[in-house]
Amino acid sequence: MLAFIVSRLLQSLAVMLAVSFLCFVLFNFVGDPVNNMVGQEASPAERAEMRHELGLEDSVVVQFARFLGNAATGNFGKSYRLARPVSDLIVERMPATLELVLVAAVLALAMGIPLGVLTALRRRSIDSTAIMTFSLAGVAMPTFVIGILLIYVFSVECKSWAPAIGLPADWCFPSFGRGTTVQVGVWSSGLLTAAGLKAIVLPAFTLSLFQMTLVLRLVRSQMLEVLRTDYIKFARARGLTDRAVHFRHALKNTLLPVITVIGIQVGGLIAFSIITETVFQWPGMGQLFIQSVQFADIPVMAAYLVMVSLLFVTINFFVDLLYAAIDPRLRLDRAQLGTAGG
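Residues numbered from 1 in each chain as written. Predicted model: local features only at pLDDT ≥ 70, side-chain atom pairs only at ≥ 80, totals over all residues. Heavy atoms only, no water.

(A) Examining the packing of aromatic side chains more closely. Throughout the structure, instances matching the rule amount to five aromatic pairs. Here Trp171 and Phe173 contribute two aromatic rings whose centre-to-centre distance is 5.3 Å and whose plane-to-plane angle is 65°, an arrangement assigned as edge-to-face. Judged by its relative accessible area of 30%, Trp171 is partly exposed. (Phe/Tyr/Trp six-rings, centres within 6.5 Å; stacked < 30°, edge-to-face > 60°. Buried < 20%, exposed > 50% of the residue type's maximum accessible area, 1.4 Å probe, protein only.)

(B) Representation of the pattern of salt bridges. Scanning the model with the defined rule gives three salt bridges in all. Among the ionic pairs, Glu92 bridges to Arg84, the shortest N-O distance being 2.5 Å. Residue class for Glu92 comes out partly exposed when judged on its relative accessible area of 41%. For Arg84, a relative accessible area of 31% corresponds to the partly exposed category. Residue Glu99 pairs with Arg178 through a salt bridge whose shortest N-O separation is 2.9 Å. Of this pair, Glu99 sits in helix 5 (residues 86–121) while Arg178 sits in the loop between helix 8 (158–164) and strand 1 (182–184), placing them 79 residues apart in sequence. Arg178 matches Glu99 in its accessibility class, with the two residues each being buried. (Salt bridge = Lys/Arg side-chain N within 4 Å of Asp/Glu carboxyl O. Helix = DSSP H or I, 4+ residues; strand = E, 2+ residues; numbered from the N terminus.)

(C) Highlighting the packing of helix 5 against helix 6 (residues 126–140). Remark: helix 5 packs on helix 6, axes separated minimally by 9 Å, with the N-to-C direction vectors making an angle of 130°. The pairing of helix 5 with helix 6 is recorded here as oblique in orientation. The two elements helix 5 and helix 6 cross, and the hand of that crossing is left-handed. Every residue of helix 6 that contacts helix 5 at Leu115, Leu118 and Thr119 is listed here: Ser128, Ile131 and Met132. Classifying every residue of the contact of helix 5 with helix 6 by side-chain character gives four nonpolar, two polar and no charged. (Axes fitted to C-alpha atoms, helices over the stretch in contact; angles between N-to-C directions. Parallel < 35°, antiparallel > 145°, perpendicular 65-115°, else oblique. Left-handed = near helix turned anticlockwise from the far one by under 90°. Contact = heavy atoms within 4.5 Å. Nonpolar A, V, L, I, M, F, W, Y, C, P; charged D, E, K, R; others polar.)

Here it is, written out as structure tokens:
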């Protein structure tokens, strides 16, 4: 097991370094930040002095090495746009993004797994057909379109149809912002206030819809495959109830391959929350990244990438450990490979 952990740690470190360097190189072609930081009347000498102060005269490799060295100590430099430490900006914006991702992940799992089981057990029923048809819309429609539709129905038009069906006018959901937040140490949370919980509903549902349909379809296909296996037939022959067969035996083995995909998708929620945060003006890291791209704020973009890569790799690392703990065959394969290599 120790060899398995060390191997995964080395792979995670290599992936993070490779992705960070590749994106850091690409960011240098976004634009010249000096053009945004000085006026049009600035002389070439002033521009050259600004480039020297920012360290932009060095090669990309030197800039990246300097960035990694500073990042190892928690120093991501200063934002070109806001002239503030990037680490402070990340600390301010990270709670909003992580809370959005957390709620979206809970929604995706809480809805995707039960609906996947339902459509597998009742695959020829009308409700199963309706759910699968709805899931096609969740996969096919772009995230920004879903967000705009939800805003139109539940924020704009809601003020007209909500009173018509007996709901109060303040029942409608806000279309932007986090609502009221409270400070818990260095963490600003909107999940501890009614306004904050109400504000997160639409963006969290928008972000979770694609992941929910993916989990639904994956659980359904795995469940149907497991139900056709011999040990399920043997369990039925022993006289076990449908409930015991479906939930004690079939569902447990269905979720084994789903765990890895769920871990990857949670990392994807962090990476792809940019669109949702932009549509709903959610003050998270994704919106900060978009603003940084527009200004060619390379320190913020690079820091964002490193943070997302770190979260993504960490989640997948723990998913690998969980999968290896649940499925002993992975540990056995590693042990056999180690014996063969020796």
